[in-house]
Amino acid sequence: MAFDSSSGVPLLLGGADIAPVHEHNTAGRSPFLFTCDHYGRLLPKSLGDLGLPESELTRHIAWDIGIAGVAASLALQLDAHLVAQRYSRLVIDCNRPPGVASSIPIISEATMIPGNDGLSREQTATRRREIFDPYHRRIDEIIDARQHAGMPTVLVSLHSFTPVYAGIARPWHIGTLYQRDRSLAPRLLKALRAEGDLVVGDNEPYAVSDLTDYTIPVHAEARGLINTGIEIRQDLLADQSGQQQWADRLARILREIETTLRAEAFV
Ligand SMILES: [Zn+2]
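Residues numbered from 1 in each chain as written. Predicted model: local features only at pLDDT ≥ 70, side-chain atom pairs only at ≥ 80, totals over all residues. Heavy atoms only, no water.

### Focus: the coordination of the zinc ion
Basically, it comes down to this: Donor criterion used throughout: N, O or S atom within 2.8 Å of the metal, extended to 3.2 Å for Na, K and Ca. Water excluded; incomplete-looking sites may result. Starting at the N terminus, helices and strands are each numbered in turn, a helix being any DSSP run of H or I of at least four residues and a strand any DSSP run of E of at least two. For every residue, the accessible area obtained with a 1.4 Å probe (protein chains only) is divided by the maximum for its type, and the residue is called buried under 20%, exposed over 50%, and partly exposed between those limits.
Donor atoms from the polypeptide that coordinate the zinc ion comprise H38 (ND1), D64 (OD) and H159 (ND1), at 2.0 to 2.1 Å from the metal. Read in sequence order, the donor residues for the zinc ion give the motif H-x25-D-x94-H. Of this pair, H38 sits in the loop between β2 (32-36) and α1 (54-57) while H159 sits in strand β6 (residues 154-161), and the two are 121 residues apart along the sequence. Overall, the relative accessible area of 2% leaves H38 in the buried class.

Written out as structure tokens, the structure is:
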């Protein structure tokens, strides 16, 4: 295990681990800024397998299955900046306020996470400092830079959800998630419903809240940015062609929405 040379505190990430923040199309000119809190499922080498079998580390409790392919293609098609977190939400959930029970979960759905049980305050702080903070610091920097450059920012937080949670099947193909901003989600809802072949969730399967979310409340709402969350059902993103189809569809819809936002001087 590696230690911080000045404080002597054990480090989470070592030389064999890659950086937590992934960015795509950083020079993108689109008003849309995509975030992806649950993009990856890497584990720092120092945490081993968190005491879990591979079958648990590849399912929805560890990451948002299929969303990485959608996010990368959307960023490319819309010439938009994407910022994403490569490490598993089981290490620390980058869409939870630090300190809440689901931030570093001891149990997720019905799975106990042995590697998260009995963490010291120092170990908890290390996960935040090395995984959570760099990601959110980077989102802050990106939005600051856009504001200084006079570029509008419409924050779209991309997620995917499991088709069955705790034994309950979810009927929605896609959902919009929002709390305080009401400029974007209603437009997106209307456009998705107009597609005619989708079951669309209005704040389903989740609604945004200050207690259960971090990215939208802290980066978008607190700064007064137009925003929405998007959740896509994971069985629809199981392969590359499904991911591409959803990226194509959302790119088309978001282009149309951008036109209406510009016409109404929102961006
Ligand atoms: Zn997610």
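### Some words on the pairing of strand β3 (residues 81-85)
The cut-off we apply is this: In this scheme, strands are said to pair when DSSP sees at least two bridges between them.
Most of β3 sits inside the fold, with 5 of its 5 residues counted as buried. Here 4 bridges tie strand β1 (residues 21-24) to β3, and the two strands are oriented antiparallel to one another. Across the sheet, H22 pairs through a bridge with A84, a residue of β3. Taken together, the 4 bridges between β2 and β3 define a ladder with parallel strand orientation. Counted as the bridge partner of T35 is V83 from β3.

### Things to note about the pairing of strand β11 (residues 226-233)
In terms of residue burial, β11 counts as a mostly covered element, since 8 of its 8 residues are buried. Here β6 pairs with β11 via 8 bridges, running parallel. In the sheet register, V156 faces β11, and the bridge partner there is T228. In this sheet, β11 lies alongside strand β9 (residues 174-177) in antiparallel orientation, the contact comprising 4 bridges. Note on β11: the bridge partner recorded for G175 is E231.

### Regarding the environment of R29
Note the threshold: Note on contacts: a residue pair is in contact if any heavy atoms of the two residues lie within 4.5 Å.
Inspection of the secondary structure assignment puts R29 in the loop between β1 and β2. With 49 residues separating them in the primary sequence, R29 and L78 have C-alpha atoms 8.5 Å apart. If near-sequence neighbours (up to four positions away) are discounted, R29 is found in contact with D79 and M151.

### Quick look at the side chain of T35
With respect to the secondary-structure elements, T35 resides in strand β2. Overall, T35 belongs to the buried group, its relative accessible area being 0%. Sequence-distant contacts of T35, defined by excluding residues within four places in its chain, comprise L82, V83, Y135, I139, L155, V156, S157, L158 and T215.

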